[in-house]
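These are the residues of each chain, in order.
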Amino acid sequence: MPPASSSAASDSSRPAPSGLWRDADFRRLWLGQTASQLGEHASLVVLPLLAVLTLDATAGELGVLRAVGQAPILLLALLAGAWVDRWRTRTTMVLTDAGRALALGAVALACLFGRLGLPGLLVFAFAVGALSVFFDVAYQASLVRLVARDQLLRGNSALEGSRSAAQIGGPALGGALVSLLSAPIAVATGALFFALSFLSIRRIHRAEAVAERPEHPPRVRHRIHEGLRFVVRDTVLRAVCLASAVFQFSFAATMTVYLLFLPRELHLQGTVVGLALAAAGPGALLGSVLAARLPGRFGHGPVLVCAAALSDGVFLCVPALHGSSAVTVPVLLVVGFVFGFGGQLVNVTIMAVRQAVTPAGMQGRAAATITFAGMGLTPLGSLSGGFLVGEWGLRTGLLVAATGMMLSPVVMALSPLARLGRELPAPRGGPAGG
């Protein structure tokens, strides 16, 4: 596998500010990212529903399934960052797309022939999660190598908009296919979307601005340590890590309970569960559009704190729901919309801030370190969600988990993030190379 092009690929190879959407490589990245996220969000609903509805998984088993799928974040994120900073992001994304398509295709075949059990599903969930870690780190670093610095907010807004479209279509499609057709078709749909992403991203041709590889490159352990040290020493990035860790742990616990609460406490069908989850998509789409404008008007810090408080706080309404689906479903749709809107404002703004303060040669490792610190706690959060249900039941467990999500905006409000103004912060110093 050849290394990526060297740093000789300068900003002159990037699209002009006015030509972001006219650039063919950016469009290919956007299309591939959209397809990949659609496959991922469909799978996030299909695999748990497959376990609950087909394999009759218990609350504890569902928590284990989600934890296994999320464990690669903790195990592999830092390694992924060191890898991405030395190789073309295109290569990493193409290989991981192919791997996820093959893994989900194997799940579909095993389910079709009646050979799928919970242990096998756990293996495939881990494989898909491991490949997703490398893809996510690579795509976060790829934008910085494709567009100019003053296009980061617009570029992130476009990519996060594609993720919003995936949030609209993925869960609804996955839930509908599981309920109306068959589990193999639902799983195979995710494989097809990963294949489409593979075909789009492999057509990106622009040379990437990656640091020259030294004659005696440092060990992977040393590169990982550089990334950790850079993030820990930067007050803004350190606050991002802490806020992300608190949110992701609590959100993982909340979603484990939520996926049980909707069908078993509110007695909703799989299609309606998918619709409730998909409601975050339209809100996220609106949030991604406004994220390109609101930070420049009100300041990055105020937007982060207010959006996080809004999106996390709205889940506190869910444990109070009772009654018929005619009452509960509209409320769930509003909750999902508000959560998607505020969460997307946070995602786009945080990503732009992180990319702005990080030197080019550290982008992969900074993204991976933050992913490790935040998403690395999600397996424990998922297990905690199953524990809460076992100890206190669905309704109380959901209330406790949702309350924990509110700690994230509190951390932001007490950190340097809250003081960020209308302009993106300048890049910090850091080791450039790999």
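Shown above is the structure to which this text applies.
Each value, and the rule that gives it
- Per chain, the residues get numbers from 1 upward, laid out in the order the sequence is written.
- Side-chain atom pairs in this predicted model are given and counted only at pLDDT of 80 or more, local residue features only at pLDDT of at least 70, and totals for whole chains, interfaces and linings cover all residues.
- The basis for every side-chain value is the complete set of heavy atoms in the structure, and neither hydrogens nor water enter the calculation.
- Patches here are clusters of residues that have more than 30% relative accessible area and form no salt bridge, with a 9 Å joining cutoff for like charges and a 5 Å cutoff for nonpolar side chains (Val, Leu, Ile, Met, Phe, Trp, Tyr).
- All accessible areas in this document rest on Shrake-Rupley with a 1.4 Å probe, and a residue is counted as covered only by the protein chains that are shown.
- Here a salt bridge means any side-chain nitrogen of Lys or Arg lying within 4 Å of a carboxyl oxygen belonging to Asp or Glu.
- Helix numbers and strand numbers start at the N terminus; a helix is a DSSP run of H or I with at least 4 residues, a strand a run of E with at least 2.
- Residue exposure (1.4 Å probe, protein chains only): buried if accessible area is under 20% of the type maximum, exposed if over 50%, otherwise partly exposed.
- Each Phe, Tyr or Trp ring, with Trp reduced to its six-membered ring, pairs with another whose centre is within 6.5 Å; inter-plane angles below 30 degrees give stacked pairs, above 60 give edge-to-face pairs, and intermediate values give tilted ones.

**Student:** Mind showing me how you'd approach a nonpolar patch on the surface here?
**Tutor:** A contiguous nonpolar patch, built from Val64, Phe249, Leu380 and Leu383 and spanning about 310 Å² of accessible area, is present on the exposed surface. Inspection of the secondary structure assignment puts Leu380 in helix 15 (residues 378–405). The exposure class of Leu380 is partly exposed, given its relative accessible area of 48%.

**Student:** So what exactly am I meant to see when it comes to the pattern of salt bridges here?
**Tutor:** Opposite charge on two side chains permits them to pair, given that their charged atoms come into close proximity. Taken as a whole, this structure holds 3 salt bridges when the rule is applied. Salt-bridge contacts for Glu40 lead to Arg100; the nearest nitrogen and oxygen are separated by 3.8 Å. A residue pair is termed long-range when its members are at least 10 positions apart, and Glu40 in helix 1 (residues 24–54) and Arg100 in helix 3 (residues 89–112) qualify at 60 residues. The residue Glu265 makes a salt bridge to Arg395 at a minimum N-O spacing of 3.0 Å. In this pair, Glu265 sits in helix 8 (residues 235–265) while Arg395 sits in helix 15, placing the two residues 130 residues apart along the sequence. Connected through shared salt-bridge partners, Glu40, Asp97 and Arg100 make up one network.

**Student:** When you look at the packing of aromatic side chains in this model, what are you seeing that I'm missing?
**Tutor:** Given two aromatic rings, their pairing is described by the distance between the two centres and the angle made by the two planes. Evaluated as defined, the whole model comprises 5 aromatic pairs. Residues Phe135 and Tyr139 carry aromatic rings whose centres are separated by 6.2 Å and whose planes lie at 35 degrees to one another, so their mutual orientation is tilted. Residue Phe135 and its partner Tyr139 are located together in helix 4 (residues 118–146), separated by 4 residues, close to a single helical turn. Looking at Tyr139, the relative accessible area reads 4%, which means it is buried. Seen in terms of ring centroids, Phe315 and Phe339 are 5.1 Å apart; in terms of plane orientation they differ by 80 degrees. Their pairing is edge-to-face. Within this pair, whereas Phe315 is found in the loop between helix 12 (300–313) and helix 13 (325–357), its partner Phe339 is found in helix 13, the two being separated by 24 residues in sequence. Among the aromatic residues, ring-to-ring pairing joins Phe247, Phe251, Tyr258, Phe315 and Phe339 into one connected group.

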